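# Working through the structure, step by step
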Amino acid sequence: MTQTLIVTAHPHSGSFTGSWAQETERASLATGGRVSRSDLVQDGFDPVERFEHYASNAGHDVLKCQEQASQTGRLPADVAAEIAKFQAADRIILHFPIWWFGPPAIIKGWCDRVLANGAMHTSDKRFDKGLYRDKTVLFCVSTGSRESESGPDGKEGDVRMLLWPLAYTFRYLGCQVAQPRVVHGVHGYWKGREKVKTEARLAALLYAHSEVIEGFDQLSLMRFNPDDAFDEDGRLRAGAESVTPFINHI
Ligand SMILES: Cc1cc2nc3c(=O)[nH]c(=O)nc-3n(C[C@H](O)[C@H](O)[C@H](O)COP(=O)(O)O)c2cc1C
């Protein structure tokens, strides 16, 4: 049975983001799967990594704090609970709006704390050898900006690039990452006919979302270079293909 972890980052569960996550849950259950949730804002998740979370500051070294706590079974309880949900999941689906050209800070803080050194990755177990090669991650994202503004030539910058650092974070853990689902032009400032049209468009998107969940295993995946595309200095080899503007030939 497929286990899905839904992670949301929004202060209002009745928002478009919240409603979309609700559809993910409904459709996942309808296909016979199980669902767990991390509603980070509603759960009061603390996104700030600090030494007070640990028994020792390990010489003021955060990576060592995480490693020691992982090895001794003394990770903070909230982090351990998130890790357990992550490890039990086949699919991790994150729902969030774009805030200031990236995911909301609570998502970054969740990564900083939950993707703990030792428990979730080690220097030997990352990228191609990551611990979570059996998992697929999907981002369901809304933007206030229009589609035309959010592409490679758009004034807001290419939303797929804005999402790339988060995608690469999961790639670091070994996960597969599906091409993100992005819904544009989501905000409460539409008026009159435009408002009605937007509400109808968003309602149709929510209605059709069950097809995304039903076809989850066929979603196209983001491409990442395999480990052997890089030389011993970590540079993309001359003959290797660049699959993202983030890692390019000079
Ligand atoms: C703090 C903040 C920053 C935002 N920054 C952006 C941005 O950089 N780009 C963008 O397209 N929309 C931005 N928006 C608009 C949100 O993306 C939009 O309100 C959201 O996607 C609507 O979905 P929701 O109803 O689920 O919140 C921002 C909104 C807030 C509150």
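Residues numbered from 1 in each chain as written. Predicted model: local features only at pLDDT ≥ 70, side-chain atom pairs only at ≥ 80, totals over all residues.

### Let's talk about the overall build of the protein chain
From N to C terminus, the protein chain includes 7 helices and 6 strands. In terms of C-alpha radius of gyration, the protein chain reaches 19 Å, essentially the compact-globule figure of 18 Å for 250 residues. Across its three principal directions, the C-alpha atoms of the protein chain cover 60 × 45 × 35 Å. Residue burial in the protein chain is summarised as follows: out of 250 residues, 30% are buried. Here the contacts in the protein chain between residues at least 6 apart in sequence split such that 74% fall between residues at least 24 apart. (Helix = DSSP H or I, 4+ residues; strand = E, 2+ residues; numbered from the N terminus. Rg over C-alpha atoms; globule rule 2.2 N^0.38 Å. Buried ≥ 20, exposed ≤ 12 C-beta atoms within 10 Å, placed from the backbone. Contact = placed C-beta atoms within 7 Å.)

### Details of the environment of Ala9
Position of Ala9 among the secondary structure elements: in the loop between strand S1 (3–8) and helix H1 (16–30). We classify Ala9 as buried; it has 25 C-beta atoms within 10 Å. Between the C-alpha atom of Ala9 and that of Phe139, which follows or precedes it by 130 residues, the distance is 11 Å. Non-local contacts of Ala9, meaning those with residues more than four positions away in its chain, are made with Leu40, Val41, Phe96, Pro103, Pro104, Ile106 and Ile107.

### A look at the site of the ligand
Surveying the vicinity of the ligand reveals 16 residues, the closest of which are Thr17, Pro97, Ser142, Gly144 and Ser145. Among the residues making up the shell around the ligand, the classes are represented as 7 nonpolar, 8 polar and 1 charged. (Near = placed C-beta within 6 Å. Nonpolar A, V, L, I, M, F, W, Y, C, P; charged D, E, K, R; others polar.)

### Here we look at helix H2 (residues 62–71)
When we look at burial in H2, the residues that qualify are Cys65, Gln66 and Ala69. Looking down the long axis of H2, one finds its buried residues gathered within 95 degrees of arc, a one-sided arrangement. Facing away from the buried side of H2 by over 90 degrees, the exposed positions are Leu63 and Gln71. Backbone geometry just downstream of H2 places Gly73 in the positive-phi region, at approximately 65 degrees. (Arc of directions from axis to C-beta.)

### Things to note about helix H3 (residues 77–88)
Its 12 residues give H3 an end-to-end C-alpha distance of 17 Å, which sits within 8% of 16 Å, the value for a rise of 1.5 Å per residue. Three or more residues of H3 are buried, namely Val79, Glu82 and Phe86. Buried residues along H3 cover an arc of 65 degrees about the axis, so they all sit on one side. Exposed residues pointing more than 90 degrees away from the buried face of H3 are listed as Ala77, Ala84 and Ala88. Contacts from the buried residues of H3 go to S1, strand S2 (34–39), strand S3 (91–97) and helix H4 (105–114). (Expected span 1.5 Å × (residues − 1).)

### Regarding the pairing of S3
Counting buried positions over the 7 residues of S3 gives 6, a clear majority of the element. As paired strands, S1 and S3 are joined by 5 bridges and run parallel to one another. Directly across from Thr4, in S3, lies its bridge partner Arg91. Relative to strand S4 (residues 136–142), S3 runs parallel, the two sharing 7 bridges. Residue pairing for S4: His95 is matched across the bridge by Cys140. In this region the chain leaves S3, passes through H4 and returns to the parallel neighbour S4; the handedness of that crossover is right-handed. (Pairing = 2+ DSSP bridges. Right-handed = clockwise from strand over helix to strand, strands pointing away.)

### Considerations on the pairing of S1
Counting buried residues in S1 gives 5 out of 6 residues, a clear majority hidden from the surface. For S1 and S2, the ladder comprises 6 bridges, and the chain directions are parallel. By the bridge assignment for S2, Leu5 is matched with Ser36. For the crossover from S1 across H1 to S2, the handedness is right-handed.

### Re the packing of H1 against helix H7 (residues 192–214)
One way to put it is that H1 packs onto H7 with a least axis distance of 9 Å and a crossing angle of 35 degrees. You can see that H1 and H7 cross each other, and the crossing is right-handed. Taken together, the residues of H7 that come into contact with H1 (itself represented by Phe16, Ser19, Trp20, Glu23, Thr24, Ala27, Ser28 and Ala30) are Leu202, Leu206, His209, Ser210, Ile213 and Glu214. When the residues that make up the contact of H1 with H7 are grouped by side-chain class, the tally is 7 nonpolar, 5 polar and 2 charged. (Axes fitted to C-alpha atoms, helices over the stretch in contact; angles between N-to-C directions. Left-handed = near helix turned anticlockwise from the far one by under 90°.)

That is the geometry; function is a separate question.
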